[in-house]
Structures are given as C-alpha cells and as structure tokens.
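# A structural walkthrough
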Amino acid sequence: MRSTEHAATVDFVERSPHADLRLEHVAAHVGYSPYHLHRSFRRAFGLALHTYVRRRRLTEAARALVDTSDPVLGIALRHGFRGQQSFTSAFSAGYGVPPATWRRTRPFFPLLPYRSPRFTVVWPKACWSARVSPVTFEASGEDGYGGLGMLVTEFRTDVVAGPERFALWREATGQSHMPNRLRSNAHNDFQARMRGLNLSEVQVAGLAYPHLEIARTTKLIRQSDPEVYQFNYFLGGHGTLTVDRRDVALGAGDLVVMDSSRPYQGEVYADPGRWSHVTVQCPRGLLPLPEKAVQRLLAVPISGRHGMGGVLARWLTDLNTRAGEFTRADIPTLASVTLDLLASVIAGCSDAEKALDPEARRSTLRVQINAFVEQHLADPAMTPQTIADAHHISLRHLQQLLAENDTSPAAWIRHRRLERCRLDLSNPRLNSRPIHVIAARWGFANPMHFSRLFRTAYGMPPRDYRNLPSTACANRQALCAD
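Residues numbered from 1 in each chain as written. Predicted model: local features only at pLDDT ≥ 70, side-chain atom pairs only at ≥ 80, totals over all residues. Heavy atoms only, no water.

### Regarding the sheet that holds strand β2 (residues 181-183)
Just so we agree on the cut-off: Pairing between strands is defined by DSSP: at least two bridges between them are needed. A helix here means a DSSP run of H or I that spans at least four residues, while a strand means a run of E at least two residues long, and both kinds are numbered starting from the N terminus. In this analysis, axes come from line fits to C-alpha atoms, helices being fitted only over the stretch in contact, and the angle between any two N-to-C directions falls in the range 0 to 180 degrees. Two residues form a contact once any of their heavy atoms are found within 4.5 Å.
With respect to topology, 5 strands assemble into an open sheet ordered β2-β5-β10-β7-β8, the strand pairing being antiparallel. Looking along the sheet, the strands with just one partner apiece sit at the ends: β2 and β8 (246-251). Averaged over all pairs of adjacent strands, the angle between their axes in this sheet comes to 15 degrees, without regard to strand direction. Pairing analysis gives 5 bridges linking strand β7 (residues 238-243) to strand β10 (residues 264-269), with the strands arranged antiparallel. Bridging from a neighbouring strand, T240 pairs with E267 of β10. Contacts between helix α9 (residues 165-176) and the sheet are confined to β2 and β5 (211-216), with β2 contributing the most and set at about 155 degrees to the helix.

Structure below.
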C-alpha cells in the first residue's frame, strides 16, 4: 500500500467524521481488503485504523468544546458518537475528565493531530498514555456514523489475521460494552463475533466466543465508568462470576446483573460457533426501580427457564435472532418493553426475598411502590397519599422509604411521568399526536406547567425536543450537564 493510498484513507476519515468508518467500509472505499488495510495502516501509522478514527474524533470534539458554546450532545452526535453517554465515557477515558469539566477548565490540546503519511508529526506526551477505545462496533447508517439508519451491526474477528484477533476483540468490546481486562486461552486465534442492536439508550448485543476471562477492576472504574447496568443472559456454555469475594456458577438459562461501578471477575467457556449469551446495557437511571433493589441482586443467578424470567429470556433471544427485522420506528417500543421486563423480573426476585430480613422487606416494599406508580402514571389523581393508602402505610413512612433513594414521592411521580412523555415525544409513530395530549395522557393537565417542568428536566421545551434532527432524536440521552 503506497503513501497515496494511505493519504486517501486518511483524507476519507477527515472528510467524513460522522460517516460509517468501520474497517470494512473504509477498505471498500480505498479498494483494499480489510485484512490488508488493517496491517498496512498499522505499519504506516503505528496504530490501528479504528484507534486513529477514535482519537481524531475525540480531538475535534475537544476543539469544539473549547471553541464553541454548542451543547455537549450536539458535539457528540456531530463527531460520530451515539449519544452523550458513550461520548462522555470515551472522552473521560481519553482526556481524563468529562466534557463539561474540560470545557470549563482546560485549554485545548490534540489527543491526536491530523497526521498525513507525507509528514512527520510529534504527538503531545498525553497522546502516548491516553487509553481510547475503538469505533469498530459503532452503529452506523444513512444518517451518519452513530445514527440509526442501520440498527444492527455485525462484528467478526476473522477480518484480521489469527494473532491479531484477540486484540481487535478487546478494543471493540471496550467500546460496545464497559471497559474490562480480558484474557483468553484462545488468544492466538480468537474466533468471535458480536451482533449489536442499537435501541438508543438501551444497547443489546449477542456474543459468541470460545473462552474469556473478564475482570473489571477498581482502576478501570476510576478511568471510565459509564454508570450502567449490564444484564447477561446465558444461551449456552458455562462460567463463574465473583463479586465481593462471592463465587457464583452460571450456566445456560441463567440471567445475571452487573453494575459498571462495582468490581467483578468472571470466566466463561463457550462454543464460538453459536451465540453464548445476550447482553443488555442501559443507564442506571432508566430502570424504574430503586437502586438498592437492584444492588441486592448483583451477581445473583436469576432463572430464565420459567415465570417472568422465562418471558424475558425468550424476549432477549428474539431480539438477537430477529434483529434485522426491526426499523427505527420500533426503537421506543422495543426499548420500553425491554426495560419493563427487566424491572418486572427484578421486582419478582425482590418479592421472593422479602422473608429474609427487615431490610429485604423494605426493599420489596419500595419495589412494590414503584410498580404501583408505573401502573398509575396516567391517573392525574395519583398523589403521595393515595400511594401510601394503597400500601397500608403512613405518608411519613412512604417519604422515609423514598428518602433512602434521595427522592420524594412527588418528585418520583413527576420524574416518571416526564420520562413517559419524553419517550412518547421520541416515538415517530406519535408525531401526529399533539404535545398537550401526550402530557395529559401521563397526568399533566396543564400544558404550560408541563412545558416548564420538561424544560427544567431536559434543557429544552417539548416541541424543540420532538423536532431534534434525526440523529439526535435517535439518541435520546438526557440533555443535561455531565
């Protein structure tokens, strides 16, 4: 590959920062096989193409943070990131601070300057120590890199030579999931694949690999914590998980919950020829349950063979198997059903534990209260007092229960109603429904009051939120400061 072809590759990347810049797509553009481009680019530049792309995007995003007053979400979307959560995680890993902090306190410096193969560039010292994840697994499509013109992304390690496959997998999963320390007995020829379904804030992925040791350490958490829950449903194979010095055996049919803010270790043995498990990753705030209720079930095996666990297991299996059948219009429904099923399974497990101790009973009561709130959000007559009466407790007891989660009954009701309105505003199937009708459906009788509350929560009026550009509308991250 001559320097002119290297220049064509770099120019394509620089001209199209938000386009589909996966290895296969760039290789097709410059007329080389992915294998040849991967080896040649690394030899010429000293780093893989996906790492180059990632660092260039972060560099230009950092420049925009300093030089403009554009919202963080807009900068993230313009530079090829799926949304504010993924951008904040990548930016913090690369520059050491969140975007909002960088904008307030740091002068601009490039993580990776524009680097032509015709010239030598001296990188800042920070570039050598920066840990930046690749873009191998980002969803892409007709409305730009990170948009949802294409909901499904397929990733395979066999696009590169055997000895390079494990490194490619490690970098790709560091971007698609939370960063972990990975090892494998099959690292010399790591045959693996991944199928991602991008449901905006909810990310679903099917994984297949032979053997993997996984560790999320305290150091990795300090470097980058997306503050998400990850749910893993085992389709096949077997493994172990260790959290807080407690070992858990896992096998086909088991579901397990992990938290990106908690260290853990795991080991999985599976068949690379079939899907080993399906993961669901979502911000913690999206799950309509108290955090303590979920924390009690971290690394606790949940059966996916019967009951609500079985319903969830079949749903996740179908999401992975039928991923190619969905359209953008299906995203709000798919995300909402997935979150509701997850919450129902966790609530059911909490209910089964209520006889253990007083704290477990309190946790169960909080889960039941939240389930009641979800069921009655559309009822404008629901008040903290009606919730207390329905659960045969005093209003003061209700306030004390929710205060343990740093909220109040009225604030929680308002938050959940606003979230339901936000999801409806993001649903293209409801574009013809007036905003005041959506607000009234979820208990807001006064349109002006609803508009004020929505602006306070999300940084813009409901109408402006509904009219966001397609890429922004597909990435419904909360519009707030980091």
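There is more to say after this.
### Here's the deal with the environment of V278
Formally: Exposure classes here rest on a 1.4 Å probe applied to the protein chains alone. A residue is buried below 20% of its type maximum, exposed above 50%, and partly exposed in between.
Tracing the chain through its elements places V278 in strand β11 (residues 277-283). Judged by its relative accessible area of 0%, V278 is buried. Expressed as a C-alpha distance, the spacing of V278 and A208, which sit 70 residues apart in the sequence, is 9.2 Å. What V278 contacts, discounting residues up to four positions off in sequence, is V204, A205, G206, F231, N232, Y233, L235, L316 and N320.

### Details of the pattern of salt bridges
Spelled out, the test is: Counted as salt bridges are all cases of a side-chain nitrogen of Lys or Arg within 4 Å of a carboxyl oxygen of Asp or Glu.
All chains considered together, the criterion is met by 17 salt bridges. The partner of D70 in a salt bridge is R78, with the nearest N and O atoms 3.2 Å apart. On the basis of relative accessibility, which here comes to 29%, the residue D70 falls in the partly exposed class. The partner of E374 in a salt bridge is R420, and the shortest N-O contact between them spans 3.0 Å. In this pair, E374 sits in helix α14 (residues 358-375) while R420 sits in helix α17 (residues 409-425), placing the two residues 46 residues apart along the sequence. Residues E374 and R420 agree in their burial class; the two are buried. If you follow the salt bridges from partner to partner, you end up with D340, E374, R416 and R420 in one network.

### A closer look at the sheet that holds β11
Reading across from one edge, β1-β3-β4-β11-β6-β9-β12 is the order of the 7 strands in this open sheet, with antiparallel pairing throughout. The sheet is open, and its two borders are formed by β1 (152-156) and β12 (302-303), each paired with just one other strand. In this sheet, β11 lies alongside strand β6 (residues 228-234) in antiparallel orientation, the contact comprising 7 bridges. The partner of F234 across the bridge, within β11, is H277.

### Structural notes on unusual backbone geometry
Keep in mind that most residues, glycine aside, have a negative phi and that most peptide bonds are trans. Phi angles above zero are rare outside glycine, and D244 is one such case at about 55 degrees. Secondary-structure assignment places D244 in the loop between β7 and β8. On the basis of relative accessibility, which here comes to 56%, the residue D244 falls in the exposed class. Phi at H392 is positive, roughly 60 degrees, even though this residue is not glycine. Tracing the sequence through the fold places H392 in the loop between α15 (384-390) and α16 (395-403).

### Side note on the nonpolar core
Here is the rule we go by: Nonpolar cores were defined as sets of buried Ala, Val, Leu, Ile, Met, Phe, Trp, Tyr and Cys residues, with membership established by side-chain atoms within 4.5 Å.
Core analysis: the biggest nonpolar cluster contains 44 residues, and L37, L49, W169, Y209, L212 and L241 have the highest contact counts within it. Contact partners of L49, with chain neighbours within four places excluded, come to T9, V13, L23, V26, L37 and F41.

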